[in-house]
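This is what each chain is made of:
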Amino acid sequence: MADNPNPDLDYAEARTPAAKPKKKGVKRRIFLAGSALLVGGGVFGVWWTDSSAKAKGKALTVSQGEHGFLTWMKIAEDDTVTVYSPHIDFGQGSHTALGQMLADELDAAWEKVRIEQAPADLAFANSPLGQGFLADTSGYPGLVNALPQAIVAMIARALPLQITGGSSAIRFTGEVGMRKTGAAVRLALIEEAANRLKVPVSELTTSNSFVTHAKSGRSLRYGELAAGAAGRSLSGDPVLKTRDQWTLIGTPVPRGDIPSKVDGSAVYGIDFRLPDMRIAAIAAAPVRGGTLVSVDKSPAMAVKGVEAVVSLDDAVIVVANGYWPAAKGLAALNPAFSDGGHASMSTPAIYAAQDRLRKAGGEPDNTGGQGDVIAAFSDAGSTVVEAEYRVPFLHHATMEPFALTGHFNDGILTIWGGLQDPLSTRARAAKAAGLGMDQVVFHPMIMGGGFGRRFPDIVEAIDQIALLAKQVPYPVKMIWSREEDVRRGAYRPQSSAGLKAAIKDGAITGWRTDYVQSGNAEGEVPFIYAIPATSRRHFAYQSNQIDGPWRSVNATQIGFYTESFMDELAAAAGQDPYQFRRRHLSAGSRHQAVLDTVAQRSGWGTALVEGRGRGIAIVESFGTIVAEVIEASLKDDGSPTVHKAWAVVDCGTTVNPLNAEAQVMGGLVMGLSSAIGEQITLANGAVEQSNFSDYPILKLADAPSMVDVHFIESGAKTGGIGEPGLPPATPALANAIAALTGKRIRNLPILNQALA
């Protein structure tokens, strides 16, 4: 057992991070890639050479009459361009946007472009994402971008890296991979055309999948040139188009995945079928960390249609000829589970342990900031303000629970399903089943939601289907019930914070945030205000739960802490919340422009309908700045009603405005939902919630009737779009309620507060 960092804490209440294997999220895995890049040891010779990997990729995707380029695209002789996306589709629309980025640089006719899911093969490890993340977070972008592509690609395969998350598809895969691929292939097509037409490259132009020589009036189709172009060396640093040259980037191209999702023809993991397939239902230990002690299988075997009962270390599985027999058989069982020593774990106990850890005066695990906050707090002419905040575990609440199909046959384990990193899924399944990675095949499918829950590092369902498939002679689809999905989540961490600031002459002179949770937000969530002295201290705490990245990761709780406290400081300074924020943002900055625009569009400062309050918040996450204003009122029972919402977004470049607007709206509503009523609580070590009946999601009828989303095309480095719309929504709503009632919301969810 790991040493307890605080002897005053009972181990039943708190566990150090070392007491439990750490998950490898997007940031951690890219950090590992960065370490390998900077150190350079042990990478060469891993898997195979870059050239053989590219050959493998072409063999998997290129057929007769087609010609492949860099594994990411191919051109058929009929001019069809197929783009292979290394990201999974789970409703975020990145496939279409990535296709736009490549096709724009390629000058391809959009109606001839197809976007397909890249295979779960090492040849399609996402080196552009790895390079982009490392350049963005290492502090050495020049060094990272100067590395040979073959080295970056080998490390991506060695990890292996095929993640969808962190709002990374557009800003990294798109900018670093797809645009450059399109531009490089376009140049190769021009060179091939120049050779055939015997004219200088400078005299050729491209448009709508044609290379044209205007002087002679001759044109060649891309399909005619593809074979020759595929044999040419591609530029590693092609010249990209400027903004004024774009024809597809920045346009609201309809998403290609929508029609099949509307007409029901799209196949999700829960829809997938194979001949002779069985269905399995599973129940794991109600207390995470517990194990299966015993189970009498006979009651389940007596249910018509049940064919097998399989015991795992911490779960029991019933296999039947349909889901309902499997579920009925599972309900007939009365398995005995241990509690793993976590029976004393509860939500109040976690908060109490976090408070003691934060106030004990020990060394923080991570720090950030600048200046002397102690001097600012000690200034006799300053007003010091303090507040404490708490946020609960949050469930991802995806529409589709886990549904994975597995079949072990002739020494090969094949799995079908929707997960956020196909290559790591193969690696985890191989480890669980005691196989080599080359003995595992994974077929990635579209997902009914993810929000971070489907990263393989935190998906025990992969182990379960791998072990189950090896014990039955037929294909089997394992489906988690909604109850299993809720009670065995990988939640956003329960977190708490103490904030303290000094105000002098109407300005903040010192700021400290002390927060306690499993993950560190430093380096991930920027502190955007220009304050002379700041301190951010992270104290690591781990319960018996698996904490997972939740949409917007740490920006959701840090954004709530910071932006709620900014409103409290504005009140203490006797200033308007918008003007107070503006005063503390760098003059002429993108942040100020975003804040000013949302204030103007929302009519900030104008009269409100009686009984309504207005709140504002601004958060930067994933390279994107978002400010939001919420207009809300309270029902007779004290629950909030959100009437209107405004969001202003600066993500540098909006690749597909239609889809970006949908992503920001979705994030905003998800932020409101989590703020109003969502929470996962523990009692006796187990999760108390079980379904949407006690884990309420905001209903359509309760969503704001008007959401105004506006994008500022600043031309700054492209940021993410899938997650940044969420963090400002929660504090903006809390600030609106405070403006209306005078009561500060420091603990979430809001429904727990006495506001009636």
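Notes on the structure follow. Just so it is clear, the model here is predicted, and its values are computed rather than measured.

1. As for the overall build of the protein chain
The secondary structure content of the protein chain amounts to 21 helices and 29 strands. A compact globule built from 756 residues should have a C-alpha radius of gyration of about 27 Å, and the protein chain, at 27 Å, falls within 12% of that. Dimensions of the protein chain along its principal axes, counting C-alpha atoms only, are 80 × 70 × 50 Å. The 756 residues of the protein chain split such that 59% are buried. The long-range share in the protein chain, meaning contacts at least 24 apart out of those at least 6 apart in sequence, stands at 75%.

2. Things to note about the sheet that holds strand 6 (residues 210-213)
Taken in spatial order, the three strands make up an open sheet running 5-6-7, and their pairing is antiparallel. Only two strands of the sheet have a single partner each, and these edge strands are strand 5 (204-207) and strand 7 (218-221). In this sheet, neighbouring strand axes are inclined to one another by 25° on average, regardless of whether the strands run parallel or antiparallel. Strand direction decides the pairing type here: strand 6 and strand 7, joined by four bridges, are antiparallel. Directly across from H213, in strand 7, lies its bridge partner R218. Sitting on the sheet, helix 7 (residues 169-197) is in contact with strand 5, strand 6 and strand 7, with an inclination near 130° to strand 5. In this fold helix 8 (residues 222-230) packs onto strand 5, strand 6 and strand 7, with an angle of close to 70° to the strand it touches most, strand 7.

3. Let's talk about the pairing of strand 26 (residues 640-650)
Among the 11 residues in strand 26, nine count as buried, and that is most of the element. Across 10 bridges, the pairing between strand 25 (residues 624-634) and strand 26 is antiparallel. When the bridges of strand 26 are listed, E628 appears paired with A647. Here strand 25 folds back onto strand 26, and the loop between the two strands holds five residues, one of which, G638, carries a positive phi near 90°.

4. Description of the pattern of salt bridges
Applying the stated rule across the entire model yields 42 salt bridges. Of the charged contacts in the structure, one is a salt bridge between D107 and R186, with a shortest N-O distance of 3.3 Å. Here R186 lies in helix 7 and D107 lies in the loop between helix 3 (94-106) and strand 4 (113-117), a separation of 79 residues in the sequence. In this structure D107 comes out as buried when scored by relative accessible area, which is 11%.

5. Considerations on the nonpolar core
Within the largest apolar cluster, 70 residues are counted, with the highest numbers of intra-cluster contacts made by W511, Y561, F565, L569, I630 and L733. Element by element, the count of residues in this core is highest for helix 17 (residues 555-573), at eight residues. With residues near it in sequence (within four places) discarded, L569 still touches V385, A501, I503, I508, W511 and F580. Among the nonpolar cores identified, the runner-up in size contains 40 residues, and W72, M73, V81 and L204 belong to it.

6. Structural notes on the side chain of N554
Residue position: N554 is located in the loop between strand 23 (546-547) and helix 17. You can call N554 buried: its relative accessible area is 7%. There is a polar contact of 3.2 Å between the side chain of N554 and the side chain of Q557.

7. What to know about unusual backbone geometry
With omega at -10°, the peptide bond leading from L159 into P160 counts as cis. You can see P160 is positioned in the loop between helix 6 (149-158) and helix 7. Residue P749 follows L748 across a cis peptide bond; omega there is 5°. The phi dihedral of D505 falls on the positive side, at around 55°, and the residue is not glycine. Position of D505 relative to the elements: it lies in the loop between strand 20 (495-504) and strand 21 (507-517). Its identity as a non-glycine residue notwithstanding, S552 has a phi of 85°, on the positive side. One can find S552 in the loop between strand 23 and helix 17.

Criteria and thresholds
Residues numbered from 1 in each chain as written. Predicted model: local features only at pLDDT ≥ 70, side-chain atom pairs only at ≥ 80, totals over all residues. Heavy atoms only, no water. Helix = DSSP H or I, 4+ residues; strand = E, 2+ residues; numbered from the N terminus. Rg over C-alpha atoms; globule rule 2.2 N^0.38 Å. Buried < 20%, exposed > 50% of the residue type's maximum accessible area, 1.4 Å probe, protein only. Contact = heavy atoms within 4.5 Å. Pairing = 2+ DSSP bridges. Axes fitted to C-alpha atoms, helices over the stretch in contact; angles between N-to-C directions. Salt bridge = Lys/Arg side-chain N within 4 Å of Asp/Glu carboxyl O. Core = buried A, V, L, I, M, F, W, Y, C linked by side-chain atoms within 4.5 Å. Polar contact = N/O pair within 3.5 Å; in protein donor to acceptor, adjacent residues only side chain to side chain.

Remember, this is a structural readout, not a statement about activity or role.
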